[in-house]
Amino acid sequence: LTSGLETAWNKLKGEEGLTKENIVEPMRDIRRALLEADVSLPVVRRFVQSVSEQAVGTGLIRGVKPDQQLVKEHVNPMHWLAYLVCACDYAIVSDELVKLMGGEVSELVFAKSAPTVILLAGLQGVGKTTVSAKLALYLKKQVCYQEFHTPPSLIPSSYSPALALGKSCMLIAGDVYRPAAIDQLVILGKQVDVPVYAAGTDVKPAEIARQGLQEAKRKNVDVVIMDTAGRLQIDKVMMDELKDVKRVLNPTEVLLVVDAMTGQEAAALVTTFNLEIGITGAIMTKLDGDSRGGAALSVKEVSGKPIKLVGRGERMEDLEPFYPDRMAGRILGMGDVLSFVEKAQEVMKQEDAEDLQKKIMSAKFDFNDLLKQTRAVAQMGSMSRVIGMIPGMGKVTPAQIREAEKSVKIMESMIEVMTPEEREKPELLAESPARRKRIAQESGKTEQQVSQLVAQLFQMRVRMKNLMGVMEGGSLPSLSN
Ligand code: GDP
Ligand code: MG
């Protein structure tokens, strides 16, 4: 658990500030992480270059204020260290990722005069038909959600749009290649209580689009959503068909539905669709799966078009706006850094922090402090949550977490049976095997475990003092120049 951090720390420890040279290795780690997260290679290249320039140029880390915050972040020495090491590069990286993905939430655009037409396109099986119905439900509930602050999942599908002030929708079944595809949309339409316009499988999609649009105007619906047929691969017939449909519908939004599992292929896919038919944005589906969603990065970068919505499950309610910052966190596997900082500050009172800082400087960090820290961590929620919040530690396995929780408990039980004097002066324990033996007996642990704990405390003293020394020196390695 700690070895990876230690390595990262060691890489930057002696450094005065970020330079072109010393940033090479950390950037290599980041590059590897991005590639593993399915980001396409050209995007990674551009990205790494941009981050490197920024890191070297500014020397200042946006998002975290090192001088004010880092001193307080010693909830647990190891976590503190983790935070220090990782906040340095990941804050920049995360900022860049968010920018790459468009910075902010991109809202759907509505036509000035109804109906707004939304055309969905994408390969087979990516979730177009599912998204059609999800989107209708989403729009039906949208205003209701905004005005009454009710989570969409709590609003029943049968809720009348007129009452809910949401948008009334109509679906058009444009996948004429399989009768089952039309049935699927009809069934989903019933589920979300939205009318579906369907014609026979012998009618051309463009003609269905024309009829459907007419019907929608007659019914005075606010939004028409057209589902289309996909292919396994991009092919000319599909593209021509989409072009015809687009010409008939003159849609406000052309949304490319992309499966999050597509991986690096996503870049080529988005480029082709955008060149061929012209898209206004994308919807990324199946984000509830294993994929880390790196494909999301490529979309905006290669097409200039934002991801507007994401699908996170098979239920009709599982569609939500795309938040670039959350996606950046997911891609980096870094958890939520800022909420970690906030939580840490809540738990750790200011005086405690200053008191502790003095102790660290004079190498007097003792068992009381250690116990306080461990309890503070416990207060912050389960160990696993805390670890999840530490940047760069997203890949800790459940087994490792259980192991860590267990060792914290063991440590606590040993400290609890120490006398006040022993807690303040760990030297007493270092010098006396008899005391260690007593503690082992009273806590039900082995003498070896007690010796280990004592040794750990001294190691921590050294490590923390060194760290503080670096900070006292006026600059943190890689945090400022
Ligand atoms: P289409 O061929 O593009 O119309 O794809 P469908 O809408 O028929 O979806 C294909 C499969 O993916 C179906 O089994 C859906 O239930 C499933 N699916 C769609 N969106 C999601 C999602 O966000 N999460 C999960 N887990 N499954 C999804
Ligand atoms: Mg379909």
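For the structure itself, look to the data block above.
The present account deals with the structure reproduced in this document. (Residues numbered from 1 in each chain as written. Chains lettered and ligands numbered in written order. Predicted model: local features only at pLDDT ≥ 70, side-chain atom pairs only at ≥ 80, totals over all residues.)

## Details of the overall build of the protein chain
Secondary structure assignment for the protein chain yields 22 helices and eight strands. Burial analysis of the protein chain (481 residues in total) assigns 44% to the buried set. When contacts within the protein chain are restricted to residue pairs at least 6 apart in sequence, those whose partners lie at least 24 apart make up 77%. (Helix = DSSP H or I, 4+ residues; strand = E, 2+ residues; numbered from the N terminus. Buried ≥ 20, exposed ≤ 12 C-beta atoms within 10 Å, placed from the backbone. Contact = placed C-beta atoms within 7 Å.)

## Description of the pairing of strand S7 (residues 307-311)
Burial analysis of S7 places five of its five residues in the buried class, which makes it a mostly covered element. Of the strand pairs in this sheet, strand S6 (residues 281-285) and S7 are connected by three bridges, and their pairing is parallel. Bridge assignment links isoleucine 283 to a residue of S7, and that residue is leucine 309. The pairing of S7 with strand S8 (residues 319-321) spans three bridges and is classified as antiparallel. Bridge pairing links valine 310 to glutamate 320 in S8. (Pairing = 2+ DSSP bridges.)

## Examining helix H21 (residues 433-443)
Among all positions in H21, only Arg436, Ile439 and Ser443 are buried. Taken end-on, H21 shows its buried residues confined to a sector of 60°, consistent with a single buried face. For H21, the exposed residues set more than 90 degrees away from the buried face come down to Pro433, Ala434 and Lys437. Remark: glycine 444 follows H21 within two positions and exhibits a positive phi of approximately 70°. (Arc of directions from axis to C-beta.)

## As for the site of ligand 1
Ligand 1 sits among 18 residues. The nearest are Gly127, Lys128, Thr129, Thr130 and Gly311. For the shell around ligand 1, the element with the highest residue contribution is helix H6 (residues 128-148), accounting for three residues. Of the residues belonging to the shell around ligand 1, the class tally is one nonpolar, 11 polar and six charged. (Near = placed C-beta within 6 Å. Nonpolar A, V, L, I, M, F, W, Y, C, P; charged D, E, K, R; others polar.)

## Quick word on the pairing of strand S1 (residues 116-121)
Two faces make up the sheet, and in a regular strand the side chains alternate between them. S1 sits mainly inside the fold: six of its six residues count as buried. Residues Thr116, Ile118 and Leu120 of S1 are buried on one face, and the alternating residues Val117, Leu119 and Ala121, pointing to the opposite face, are buried as well. In the sheet, S1 pairs with strand S4 (residues 223-228) via four bridges, with the strands oriented parallel. Directly across from isoleucine 118, in S4, lies its bridge partner isoleucine 225. Where S1 lies against strand S5 (residues 253-259), four bridges are found, and the strand directions are parallel. Bridge pairing links alanine 121 to leucine 256 in S5.

## A look at the packing of helix H11 (residues 265-276) against helix H12 (residues 295-303)
Describing two packed helices takes the angle between their axes plus the distance from one axis to the other. Where H11 contacts H12, the two axes come as close as 8 Å, and the packing angle between them is 35°. In this structure, the crossing between H11 and H12 has a hand that is right-handed. Residue-level inspection shows Ala266, Ala267, Val270, Thr271 and Asn274 of H11 in contact with H12, the latter providing Ala295, Ser298, Val299, Val302 and Ser303. Residues that form the contact of H11 with H12 fall into these classes: six nonpolar, four polar and no charged. (Axes fitted to C-alpha atoms, helices over the stretch in contact; angles between N-to-C directions. Left-handed = near helix turned anticlockwise from the far one by under 90°.)

## Some points on unusual backbone geometry
Going from alanine 114 to proline 115, the amide bond is cis rather than trans, its omega being 0°. Among the structural elements, proline 115 can be located in the loop between helix H5 (77-100) and S1. The phi torsion at asparagine 250 lies on the positive side, around 45°, for a residue other than glycine. Relative to the helices and strands, asparagine 250 is located in the loop between helix H10 (236-249) and S5.

## Some points on the sheet that holds strand S2 (residues 169-174)
Ordered by their spatial adjacency, eight strands build an open sheet running S3-S2-S4-S1-S5-S6-S7-S8, and the pairing between neighbours is mixed. Both edges of this open sheet fall to strand S3 (196-197) and S8, since each of them pairs with a single strand only. Pairing geometry for S2 and S4, over six bridges, is parallel. Looking at the pairing, methionine 170 lines up with valine 224 of S4. Contacting S1, S2, S3 and S4, helix H9 (residues 205-219) crosses the sheet at an angle of about 165° to S2. Sheet contacts for H12: S5, S6 and S7; angle to S7, the most-contacted strand, approximately 160°.

Any functional reading would require information that these geometric values do not contain.
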